[in-house]
Amino acid sequence: MTAPRTGTLQVPGARLYYEVRGRGPVLVLIHGGAGDAGIFHEVVDPLAERFTVVVPDRRGHSRSPLAAPGSTPRVAEHSDDIHRLIGELSEEPALVYGSSSGAVVALDLLARHPDRVRTALAHEPPVIGLLPDAAAYRRLFADVQVTHRRQGATVAMQQFLVGVGLVEGTWEMPPLSQLPSGIRELMERLAANEPFFLEHELCEVTAYEPDTDALRKAADRLLIGVGRDSLRQMPGRTGAALAARLGLEVTELPGGHSGYVEDGGAFAARLAELLGDGGLRA
């Protein structure tokens, strides 16, 4: 992976770390869950051939510390951060890709700061309130938080991933000692983010209700992505439900919920195809 240009941006209540690669139209990648900028390591180099790729650690994650540790950021704070970051780096509106909870941030950004967004691609935003079985998922997430407090992040993450259909059975990471050094450092950061995700993000983000009126007004600049392999999983279902609510077609993406890791080359090519002309539908 090409070494990035790095920077920090002071925002109300936090200091954002971000990485920049390439040149061309600004494309901001917003991570989900317990992630950080490094989660996009498979796609940043190919995308940087066509775009100025900007990838922040969202507030509270990895290298973007909160001014008040232990607080719970609101979705609007995350989207305000991206709004400020775009303004810091460009006078033009940006292309925005958001994954999972990052997709929720992208939706809020488009709804509240449409002047900063050229096109937003929201990949499987977990807006569970649109599902008929939303109450069951809310109970699951509350149970996951209890598990985290009693048994720790590893057990709680397993319960969460199985519960939403992202893994089956017992899921284990390979020993960190067997991973390349760069990937090992990434996985150590992500593991350190898991308690923050479980305690301060999981219920907060999934309780978010998108402003469908504002999103309909900006529908010509919004794509709702669902992975080819995740249509029946909870995040794929919420993406499809939101697209239906807004009267949009689902935009198919390679792989599943983490397609940018599963097949980075195909995923980067699909993003370039969708966003390379500014996101206008062919």
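This text follows the structure it describes.
Remember, it's a predicted structure, so these values are computed and weren't measured experimentally. (Residues numbered from 1 in each chain as written. Predicted model: local features only at pLDDT ≥ 70, side-chain atom pairs only at ≥ 80, totals over all residues. Heavy atoms only, no water.)

K.L.:
Whenever I open this one, the pattern of salt bridges confuses me. Can you help?
P.N.:
Two side chains bearing opposite charge may form a pair once their charged atoms approach each other closely. For the coordinates displayed, the defined rule picks out 16 salt bridges. Where Asp108 meets Arg112, a salt bridge forms, and the shortest distance between an N and an O atom there is 3.2 Å. Here the residue Asp108 and the residue Arg112 both occupy positions in helix H3 (residues 101–112), the gap between them amounting to four residues, near one helical turn. On the accessibility criterion, Arg112 (39% relative accessible area) is partly exposed. Arg270 is paired through a salt bridge with Glu273; the nearest N and O atoms lie 3.2 Å apart. Of this pair, Arg270 and Glu273 both sit in helix H10 (residues 264–275), separated by three residues, roughly a single helical turn. Classification of Glu273 as exposed rests on a relative accessible area of 53%. When salt bridges with common partners are traced through the structure, they connect Glu19, Arg21, Asp36, Asp57, Arg63 and Arg189 into a single cluster. (Salt bridge = Lys/Arg side-chain N within 4 Å of Asp/Glu carboxyl O. Helix = DSSP H or I, 4+ residues; strand = E, 2+ residues; numbered from the N terminus. Buried < 20%, exposed > 50% of the residue type's maximum accessible area, 1.4 Å probe, protein only.)

K.L.:
Just to check I follow, could you spell out H10 for this structure?
P.N.:
For an α-helix, the turn length of 3.6 residues means that residues three or four places apart are oriented alike. For H10, with twelve residues, the first-to-last C-alpha span of 16 Å sits near the 16 Å given by 1.5 Å per residue. Among all positions of H10, only Gly264, Phe267, Ala268, Leu271, Ala272, Leu274 and Leu275 are buried. Looking straight down H10, one finds its buried side chains confined to an arc of 165 degrees; they lie on one side. (Expected span 1.5 Å × (residues − 1). Arc of directions from axis to C-beta.)

K.L.:
Before we go on, may I ask you to explain the pairing of strand S2 (residues 14–21) in this structure?
P.N.:
Looking down a regular strand, the side chains alternate between one sheet face and the other. Counting buried residues in S2 gives seven out of eight residues, a clear majority hidden from the surface. Connecting strand S1 (residues 5–11) to the antiparallel partner S2 that follows it, the hairpin turn spans two residues, and Gly13 within it adopts a positive phi of roughly 90 degrees. Both S2 and strand S4 (residues 52–56) contribute to a ladder of four bridges, which runs antiparallel. Residue pairing for S4: Val20 is matched across the bridge by Val54. (Pairing = 2+ DSSP bridges.)

K.L.:
Whenever I open this one, the packing of helix H4 (residues 134–151) against helix H5 (residues 153–163) confuses me. Can you help?
P.N.:
How two helices pack is summed up by the angle between their axes together with the distance between the axes. Running from amino to carboxyl end, H4 crosses H5 at an angle of 165 degrees, the nearest separation of the two axes being 7 Å. Relative to H5, the element H4 is oriented roughly antiparallel. With respect to the hand of their crossing, H4 and H5 are arranged in right-handed fashion. On H5, the residues touching Tyr137, Leu140, Phe141, Asp143, Val144, Thr147, His148 and Gln151 of H4 are Ala153, Val155, Ala156, Gln159, Phe160 and Gly163. (Axes fitted to C-alpha atoms, helices over the stretch in contact; angles between N-to-C directions. Parallel < 35°, antiparallel > 145°, perpendicular 65-115°, else oblique. Left-handed = near helix turned anticlockwise from the far one by under 90°. Contact = heavy atoms within 4.5 Å.)

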